[in-house]
Amino acid sequence: MTVILLGIFFISVAAMGITRYFELEKWQVSIGLLVLAIVLYLVNITLIQLFIKKRAPDFASSDEVTPGVQAWELTAGLGIVPKWVSWIGLLAISAFTAAVLPWVIGAMNLVFSR
């Protein structure tokens, strides 16, 4: 949770600086943050699959070992995937939140100000 909150803070500060420096509109920066979130998410998924295939090839499948549990899910918490790969996924959540949160706050302000 701390990584996500710190990520939201730093990404928001960087987005505000980019907005001012390049004189962009809020929606343009939000689109850029959404693209960043998608790219970080795809990189995260790709690296997770890569490390599981490299370090635990027996678990690199989507076959169900037990009902509702796939083989690759059993690798969670075993140190097969490095923590920095997980941080990339958490930063994807931060970028998505930083992109959407101003619009949610604006919509709530519009609804509750009447």
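Residues numbered from 1 in each chain as written. Predicted model: local features only at pLDDT ≥ 70, side-chain atom pairs only at ≥ 80, totals over all residues. Heavy atoms only, no water.

Colleague: Any details on helix 1 (residues 2–22)? Residues and values, ideally.
Modeller: For helix 1, built from 21 residues, the straight-helix expectation of 30 Å at 1.5 Å per residue is met to within 8% by its first-to-last C-alpha distance of 30 Å. Ile-4, Gly-7, Ile-8, Ile-11 and Ala-15 are the residues of helix 1 that are buried. The buried side chains of helix 1 occupy one side of the element, clustering within an arc of 100 degrees when seen end-on. Summarising the geometry of helix 1, the exposed residues directed more than 90 degrees from the buried face are Thr-2, Leu-5, Phe-10, Arg-20 and Tyr-21. Looking at the packing, one finds that the buried side of helix 1 touches helix 2 (26–55) and helix 3 (83–112). (Helix = DSSP H or I, 4+ residues; strand = E, 2+ residues; numbered from the N terminus. Expected span 1.5 Å × (residues − 1). Buried < 20%, exposed > 50% of the residue type's maximum accessible area, 1.4 Å probe, protein only. Arc of directions from axis to C-beta. Contact = heavy atoms within 4.5 Å.)

Colleague: Describe the packing of aromatic side chains, and please don't skip the residues or the numbers.
Modeller: According to the stated counting rule, one finds 3 aromatic pairs in the structure shown. Arranged with centres 5.2 Å apart and planes meeting at 70 degrees, the rings of Phe-9 and Phe-10 form a pair that is edge-to-face. Between Tyr-21 and Phe-22, the ring centres sit 4.8 Å apart and the planes meet at 90 degrees, which makes this aromatic pair edge-to-face. When sorted by exposure, Tyr-21 lands in the same class as Phe-22, which is exposed. (Phe/Tyr/Trp six-rings, centres within 6.5 Å; stacked < 30°, edge-to-face > 60°.)

Colleague: Lay out the packing of helix 2 against helix 3 with the relevant residues and their values.
Modeller: Running from N to C, helix 2 and helix 3 point in directions that differ by 160 degrees, and their axes come no closer than 8 Å. Here helix 3 runs roughly antiparallel to helix 2, going by the angle between their axes. Handedness of the helix 2/helix 3 crossing: left-handed. Considered class by class, the residues forming the contact of helix 2 with helix 3 number 23 nonpolar, 4 polar and 1 charged. (Axes fitted to C-alpha atoms, helices over the stretch in contact; angles between N-to-C directions. Parallel < 35°, antiparallel > 145°, perpendicular 65-115°, else oblique. Left-handed = near helix turned anticlockwise from the far one by under 90°. Nonpolar A, V, L, I, M, F, W, Y, C, P; charged D, E, K, R; others polar.)

Colleague: Got a sec to walk through the packing of helix 1 against helix 3? Specific residues and values, please.
Modeller: Across the interface, helix 1 lies against helix 3 with an axial gap of 8 Å and an inter-helix angle of 55 degrees. Relative to helix 3, the element helix 1 lies oblique. Where helix 1 crosses over helix 3, the two elements pack in a sense that is right-handed. In this structure, helix 1 contributes Val-3, Ile-4, Gly-7, Ile-8, Ile-11 and Ser-12 to the contact, and helix 3 contributes Trp-87, Leu-90, Leu-91, Ile-93, Ser-94, Ala-95, Thr-97 and Ala-98. For the contact of helix 1 with helix 3, the residue count by class is 10 nonpolar, 4 polar and no charged.

Function cannot be read off these values alone, since they describe shape.
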